[in-house]
Amino acid sequence: QLQLVESGGGLVQPGGSLRLSCAASGFTLDSYAIGWFRRVPGKEREGVSCISGRDGRTGSLDSVKGRFTISRDNAKNTVYLQMSSLKAEDTAVYYCAAALDDGSPCPPESHEYDYWGQGTQVTVSS
């Protein structure tokens, strides 16, 4: 019954902002690490940012540091990815995923995550 549902994607111009949401059900965020990943055609999924379940520590891809911020609202059981200063190269399908937290820093590797949402398209274009 563990489910993740992404929303908030869309078309935005370069330099613009979007906030993606990952609504979780069937589990509580304090027990799972949540990662945001993105994929473009012909490429592997790329870890963008993550947040640990137990302590809320975060990590992110170097290319998005200073532009993207991951956060969570435990009361709403939702994780967010606030994206600003968007670039054309940020265009991708964005996924959130969950991994049972073992107390370690949240992993950036997609294979560490067992549960995935359906994805939401982000297109950055003029």
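This section reports on the structure supplied with the text. Counting restarts for each chain: residues are numbered from 1 in the order of the written sequence. pLDDT decides what is reported in this predicted model: residues at 70 or higher carry local features, side-chain atom pairs at 80 or more are listed and counted, and totals for whole chains, interfaces and linings draw on all residues regardless. Hydrogens and water molecules were not included; the side-chain quantities draw on all heavy atoms of the structure.

**Description of the pairing of strand S9 (residues 92-100)**
Right, so step 1: By the criterion of burial, S9 is predominantly enclosed, with 7 of the 9 residues buried.
Right, so step 2: Direction of pairing for S9 relative to strand S11 (residues 120-124): antiparallel, over a ladder of 3 bridges. Bridge pairing links Val93 to Gln121 in S11.
Right, so step 3: Should DSSP find at least two bridges between two strands, the strands are regarded as paired. Secondary structure is summarised from DSSP: a helix means a run of H or I of at least four residues, a strand means a run of E of at least two, and numbering begins at the N terminus for each. Note that S9 and strand S10 (residues 115-116) share 2 bridges and pair antiparallel. Counted as the bridge partner of Ala97 is Trp116 from S10. Each residue is assigned to one of three classes by its accessible area relative to the maximum for its type, calculated with a 1.4 Å probe on protein chains only: buried under 20%, partly exposed between the two thresholds, exposed over 50%.

**Some details on the environment of Thr123**
Right, so step 1: One can find Thr123 in strand S11.
Right, so step 2: Classification of Thr123 by relative accessible area gives partly exposed; the value is 25%.
Right, so step 3: Note: C-alpha distance between Thr123 and Val12 (111 residues apart in sequence) is 6.3 Å.
Right, so step 4: For this analysis, a polar contact is any N or O atom pair within 3.5 Å, provided that within protein one partner can donate a hydrogen and the other can accept it, and provided that sequence-adjacent residues contribute only side-chain to side-chain pairs. Polar contacts involving the side chain of Thr123 include one to the side chain of Gln121, which spans 3.3 Å.

**Observations regarding the packing of aromatic side chains**
Right, so step 1: Side-chain rings of Phe, Tyr and Trp, where Trp is taken by its six-membered ring, are said to pair if the distance between their centres is within 6.5 Å; with planes under 30 degrees apart they count as stacked, over 60 as edge-to-face, and otherwise as tilted. All chains considered together, the criterion is met by 5 aromatic pairs.
Right, so step 2: Between Phe37 and Trp116, the ring centres sit 5.0 Å apart and the planes meet at 50 degrees, which makes this aromatic pair tilted. Of the two residues, Phe37 sits in strand S4 (residues 32-39) while Trp116 sits in strand S10, which places them 79 residues apart along the sequence.
Right, so step 3: Classification of Phe37 as buried rests on a relative accessible area of 1%.
Right, so step 4: With a centroid separation of 6.5 Å and 65 degrees between ring planes, the pair formed by Tyr113 and Trp116 is classed as edge-to-face.
Right, so step 5: The exposure class of Tyr113 is buried, given its relative accessible area of 4%.
Right, so step 6: Site record: aromatic cluster; members linked through ring pairs are Phe37, Tyr95, Tyr113 and Trp116.
Right, so step 7: Directly above the ring of Tyr80 sits Arg19, whose terminal nitrogen or CZ lies 4.3 Å from the centroid.
Right, so step 8: Criterion for a charge above a ring: Lys NZ or Arg CZ within 6 Å of the ring centre, and within 35 degrees of the ring normal. For the cation-ring pair, Arg45 lies above Trp116, with the distance from its terminal atom to the ring centre recorded as 4.6 Å.

**Here's the deal with the pattern of salt bridges**
Right, so step 1: By salt bridge we mean one thing: a side-chain nitrogen of Lys or Arg within 4 Å of a carboxyl oxygen of Asp or Glu. This model, assessed by the stated rule, comprises 6 salt bridges.
Right, so step 2: Among the salt bridges present, the one from Arg38 reaches Glu46, with a minimum N-O distance of 2.9 Å.
Right, so step 3: Within this structure, Arg38, Glu46, Arg67 and Asp90 form a network of salt bridges that share partners.

**A closer look at the state of the cysteines**
Right, so step 1: By disulfide we mean two sulfur atoms from cysteines, separated by a distance within 2.5 Å. Overall, the coordinates contain 2 disulfides when judged by the stated rule.
Right, so step 2: Each disulfide pairs two cysteine sulfurs, and for Cys22 the partner residue is Cys96, the sulfurs being separated by 2.1 Å. Between Cys22 and Cys96 the disulfide shows an S-S torsion of about 75 degrees. By sign, it is right-handed. Here Cys22 is found in strand S3 (residues 18-25), whereas its partner Cys96 is found in strand S9, with 74 residues between them in sequence. Of the two residues examined, Cys22 and Cys96, each falls in the buried class.
Right, so step 3: Linked covalently through their sulfurs, Cys50 and Cys106 form a disulfide whose S-S length is 2.0 Å. One quick way to see it: the torsion about the S-S bond of Cys50 and Cys106 is about 70 degrees, and its sign makes the bridge right-handed. On the criterion of sequence distance, the pair formed by Cys50 in strand S5 (residues 46-51) and Cys106 in the loop between S9 and S10 is long-range, its members being 56 residues apart.

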